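Observations on chain architecture
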Amino acid sequence: MVEFSGIKEIIKPGNLVYKKTNIMTENSLSYCPGCGHGTAHRILAEIIGEEGLQSETIGVSPVGCSVFMYNYLDIDWQEAAHGRAPAVATAIKRLLPEKFVFTYQGDGDLAAIGTAETIHACNRGENILIIFINNGIYGMTGGQMAPTTLPGMKSSTSPYGRDVKTMGFPLKITDIVASLPGSYYVTRQSVHTAANVKKTKKAIRKSFQYQKLNKGTCLIEIVSNCPSGWKMTPVQSNKWMEENMFPYYPLGDLKTPEE
Amino acid sequence: MAKIRGSIVVNVERCKGCEVCMVTCPTGTIEMAKEVNGKGYNYAFPANPELCIGCANCAMVCPDGVITVYKTKI
């Protein structure tokens, strides 16, 4: 108990190192335990708070697990139809060019139903930030196969594993976007360890700075886990992601601005 | 040499017991409780509070942002 009284002395406002940012609302997140969405939301909120952009930022929320994202970040929001977030964000940015506009989409939203909107928005070089959460599965609807599902990966609609002969190869949409002239900064990150969280945060901060300079589309892919869809514990799913997802979706910058 | 001591406060009712913080903690401070919170999850708590160095790794990876970190020099 001597130790415990020492601990109480440490817990003082002056010694605070890390606290959940005020941009996050008090609503409890609807995500499964261990889901990367929560971490991604929080670091995005931290950047908005640290850069002082709470009243300047407009988010476009997708359809998918993160459909209720407007309940969790205390900024302006617009809900888009499934996959159409980049088109909606284009309109918002063109009408309100001084605002910071971002979309937050999963792989079903961005890489399946919204492929056309994504590619054309990036090809036009709209000054928006697209945050793409890739967990290789349709998490919200029960773990069906997505375009980003890995070869041989089991899902509820590919119970024997994804057979590339009949089901095709995983779509690396981030690589496609990086090859388009309109995109300015394209990177692939993850949020499963503290080091990766810091790198992702840095990438989001850079993207907000580029948007201030009207440079072009920034796309940040966050390779994430889906413990429920993959039928694993959160810790197992993070390990599985490191062993299987990262060889196919290697982390790092795909397109960096020439400076 | 000044010793760095840290401490964490877990918002027990919001914790979903995903164990990601327990795995990422470099000193083994955090463990999962045997009891459950109101949602039925075995929540994280600082089982070995004297080991905490206030690195905030746990708070950074926590998907639900339930951990608050304090640090001081003794």
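See the structure shown above.
To keep things clear, this report deals only with the structure shown in the data block. Being a predicted model, the structure only gives us computed values, none of them experimental. (Residues numbered from 1 in each chain as written. Chains lettered and ligands numbered in written order. Predicted model: local features only at pLDDT ≥ 70, side-chain atom pairs only at ≥ 80, totals over all residues. Heavy atoms only, no water.)

Tallying the contact residues gives 34 residues for chain A and 30 residues for chain B. Carbon and sulfur atoms supply 62% of the area buried between chain A and chain B, which totals about 2600 Å² over both sides. Inspection of the region where chain A meets chain B yields zero salt bridges. There are eleven residue pairs in polar contact (both at pLDDT 80 or more) connecting chain A and chain B. (Contact = heavy atoms within 4.5 Å. Buried area = accessible area lost by both parts, 1.4 Å probe. Salt bridge = Lys/Arg side-chain N within 4 Å of Asp/Glu carboxyl O. Polar contact = N/O pair within 3.5 Å; in protein donor to acceptor, adjacent residues only side chain to side chain.)

Now for the environment of A:Y72. Residue and element names in this part refer to chain A. With respect to the helices, strands and loops of the structure, Y72 is situated in the loop between β2 (57-61) and β3 (76-79). Counting along the chain gives 42 residues from Y72 to S30, while the straight-line C-alpha distance between them is 9.6 Å. If near-sequence neighbours (up to four positions away) are discounted, Y72 is found in contact with I23, M24, T25, N27, S28, L29, S30, Y31 and H41. In terms of polar contacts, Y72 uses its side chain to reach the side chain of S30, at 2.9 Å. (Helix = DSSP H or I, 4+ residues; strand = E, 2+ residues; numbered from the N terminus.)

Once that is clear, we can look at the pattern of salt bridges. All names here are of chain A. Evaluation of the coordinates by the stated rule reveals twelve salt bridges over all chains. In this structure, R42 engages E46 in a salt bridge whose closest nitrogen and oxygen atoms are separated by 3.5 Å. Taken together, the positions of R42 and E46, both in helix α2 (residues 36-50) and four residues apart, correspond to about one turn of that helix. Just as R42 is buried, E46 falls in that class too. Taking the shortest distance from any N to any O, the salt bridge between K201 and E50 comes out at 3.1 Å. Highlighted residues: K201 in helix α8 (residues 194-212) and E50 in helix α2, separated in sequence by 151 residues. (Buried < 20%, exposed > 50% of the residue type's maximum accessible area, 1.4 Å probe, protein only.)

It is worth stressing that arrangement in space is one thing and function is another; only the former is reported here.
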